[in-house]
Amino acid sequence: MDKASQRVENLHDSYGRLASKLRISITDRCNFRCNFCMPSQPVWLPHDEILTFEEIVRTARVLSQMGIDRIRLSGGEPLVRKDVEGLVSMLSRIDGIKSIGMTTNGSLLAAKASALKRAGLSSVTISLHSLKPERFDKITGTNGIFDKITEGIEAARSLDFKPLKINCVITRGENDDEIIDFARFAHETGVTVRFIEYMPFDGTKLWDAHRVITGEEIVDKINKIYPVAKIERETGSTAIEYNFEDGSEGGIATITSMSAPFCGDCDRIRITADGKVVPCLFSRDEYDIKSKLRAGASDEELSAYIRSVYFRKSPGVETMIKNKANLEHVRPMHTIGG
Ligand code: SAM
Ligand code: SF4
């Protein structure tokens, strides 16, 4: 059967938003304990509750037939999952998938980068929340691991992963004094540093609105030292990107999920490590596809189920903020992958 005839109606919700990106958490486990993400006593999923590679690939294939063309692997920490490059290779062979990205803490990247590149990984986003090794340890609950991350960044640069981005969660009182240092890092190294607003998914309920540093505040600060120019936002992107006005290669971006979210053209579907479809990051709604996969559902049954639950996707955090809804600690970030 050719691709066009295999394709079914595109995945969309009741607000007319089309899904084109899949973000999948391939493990809830992580070798870090970031204080804005991980509960101090995390409860791990039993191994047999986690989707197998075959189940992940089958789900991705069904989704690709509904218009999903970009996949991002996340976690927990995706690189702690054994043979992750094998998974990338399987996913890269799915018809219609244009790119496979990964968001990683970078600690195991130097060792894996070449194999991942060969397997078909297109882009890497590395999280880095401080440029000061001791503070990095404090935020991430690690011990003397900072150099591993910079090695990971170097490995990704030398293998020409494109785009190569750095994610940095800025929280008031923790690392907000490093905003300019991160802008300098972007300016000098040519990477894009994306500043993510702190969201209430910390699993430890540390979050409160006063600890959020908005994207606007960040850009205002940077603009005084390194003038930047806004780039037109790509439809569906959660980030507002900026170039340096002096033409240097790097850039900055803000992910304003708390102060100015872009729910109107959200094009994501998320799947948790234990096989739950999560149409909206901020909603409690999640729908079990693992039991369907394991009960022998056909591709048609899977796609009909995914279609029906995605149709119920809530309008999003933008509406919650407008309605002054309580922004709840819905689920810890390590279980959903960002
Ligand atoms: N372990 C990988 C990593 O840290 O990059 C991937 C999973 S992590 C959950 C995905 C992204 O979510 C990371 O960039 C991380 O910094 C970000 N993140 C985690 N908790 C967050 C929070 N409460 N608010 C905003 N971003 C958060
Ligand atoms: Fe692990 Fe990433 Fe969460 Fe940090 S942000 S604890 S590295 S999953």
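Quick summary incoming for the structure in this document.

Regarding its fold elements, the protein presents 11 helices and 12 strands. A compact globule built from 338 residues would reach a C-alpha radius of gyration of about 20 Å, and the protein, at 19 Å, matches this within 12%. Each of the three principal axes of the protein carries a C-alpha extent, and together these read 55 × 45 × 45 Å. Here the protein holds 338 residues, and 55% of them are scored as buried. Put simply, 74% of the contacts in the protein that link residues at least 6 apart link residues at least 24 apart. Surface accessibility of the protein: about 14,800 Å² in total, with carbon and sulfur atoms responsible for 50%. Averaging the positions of the 47 positive and the 48 negative side-chain charges in the protein gives two centres separated by 2 Å.

In this section: the nonpolar core. With 103 residues, the main nonpolar core has Leu 73, Leu 91 and Ile 222 as its most contacted residues. In this structure Leu 73 touches Ile 24, Ile 26, Pro 78, Leu 87, Val 88, Leu 91, Ile 100, Gly 101, Met 102 and Thr 103, once residues within four positions along its chain are discounted.

What follows concerns the side chain of Thr 103. Mapped onto the fold, Thr 103 is located in strand E3 (residues 99-104). Owing to a relative accessible area of 11%, Thr 103 belongs among the buried residues under this scheme. There is a polar contact of 3.0 Å between the side chain of Thr 103 and the side chain of Arg 72. The contact partners of Thr 103, leaving out residues within four places of it in the chain, are Arg 23, Arg 72, Leu 73, Ser 74, Pro 78, Thr 125, Ser 127 and Asn 167.

Turning our attention to the site of ligand 1. In the neighbourhood of ligand 1, 19 residues make up the surrounding shell, with Phe 36, Gly 76, Ser 127, Asn 167 and Met 199 lying closest. Taking Gly 76, its main chain carries an N or O atom lying 3.0 Å from a nitrogen atom of ligand 1. Met 199 has a polar backbone atom sitting 2.9 Å from a nitrogen atom of ligand 1. Contact with the protein chains hides 96% of the accessible area of ligand 1, taken as 540 Å² for the molecule alone.

Looking now at the pattern of salt bridges. Counted by the stated rule, this structure contains 21 salt bridges. Its salt-bridge partner being Arg 58, residue Asp 299 comes within 2.8 Å of it at the nearest N-O pair. Taken together, the residues Asp 299 in helix H10 (residues 299-311) and Arg 58 in helix H2 (residues 53-64) connect sequence positions 241 residues apart. The class for Arg 58 is partly exposed, based on a relative accessible area of 23%. The salt bridge partner of Glu 174 is Lys 138, with a shortest N-O separation of 3.2 Å. Of this pair, Glu 174 sits in the loop between strand E5 (164-170) and helix H7 (179-189) while Lys 138 is found in helix H5 (residues 133-140), placing the two residues 36 residues apart along the sequence.

It is the contact of helix H3 (residues 84-92) with helix H4 (residues 109-119), at a shortest axis distance of 8 Å, that shows an interaxial angle of 15°. In terms of axis orientation, H3 runs roughly parallel to H4. At the point where H3 passes H4, the crossing takes the right-handed sense. For the pair H3 and H4, contact is made by Val 84, Glu 85, Val 88, Ser 89 and Ser 92 and by Lys 112, Ala 115, Leu 116 and Ala 119, respectively.

Moving on, we come to the site of ligand 2. Neighbouring residues of ligand 2: Cys 30, Phe 32, Cys 34, Cys 37, Met 38, Gly 76 and Asn 105. Taken together, the residues of the shell around ligand 2 sort by class into five nonpolar, two polar and no charged.

Looking now at the pairing of E3. Side-chain positions along a regular strand alternate between the two faces of the sheet. Counting buried positions over the six residues of E3 gives five, a clear majority of the element. Pairing between strand E2 (residues 70-74) and E3: four bridges, direction parallel. Bridging across to E3, Arg 70 finds its partner in Ser 99. Pairing of E3 with strand E4 (residues 123-127) involves four bridges; the strand directions are parallel. Within E4, the residue paired with Met 102 across the bridge is Val 124. For the handedness criterion, the β-α-β arrangement of E3, H4 and E4 is classed as right-handed.

Calculation criteria
- Residues numbered from 1 in each chain as written.
- Chains lettered and ligands numbered in written order.
- Predicted model: local features only at pLDDT ≥ 70, side-chain atom pairs only at ≥ 80, totals over all residues.
- Heavy atoms only, no water.
- Helix = DSSP H or I, 4+ residues; strand = E, 2+ residues; numbered from the N terminus.
- Rg over C-alpha atoms; globule rule 2.2 N^0.38 Å.
- Buried < 20%, exposed > 50% of the residue type's maximum accessible area, 1.4 Å probe, protein only.
- Contact = heavy atoms within 4.5 Å.
- Areas by Shrake-Rupley, 256 points an atom, 1.4 Å probe, with all protein chains shown as cover.
- Lys, Arg positive; Asp, Glu negative; His and termini not counted.
- Charge placed at Lys NZ, Arg CZ, Asp CG, Glu CD.
- Core = buried A, V, L, I, M, F, W, Y, C linked by side-chain atoms within 4.5 Å.
- Polar contact = N/O pair within 3.5 Å; in protein donor to acceptor, adjacent residues only side chain to side chain.
- Near = heavy atom within 4 Å.
- Salt bridge = Lys/Arg side-chain N within 4 Å of Asp/Glu carboxyl O.
- Axes fitted to C-alpha atoms, helices over the stretch in contact; angles between N-to-C directions.
- Parallel < 35°, antiparallel > 145°, perpendicular 65-115°, else oblique.
- Left-handed = near helix turned anticlockwise from the far one by under 90°.
- Nonpolar A, V, L, I, M, F, W, Y, C, P; charged D, E, K, R; others polar.
- Pairing = 2+ DSSP bridges.
- Right-handed = clockwise from strand over helix to strand, strands pointing away.

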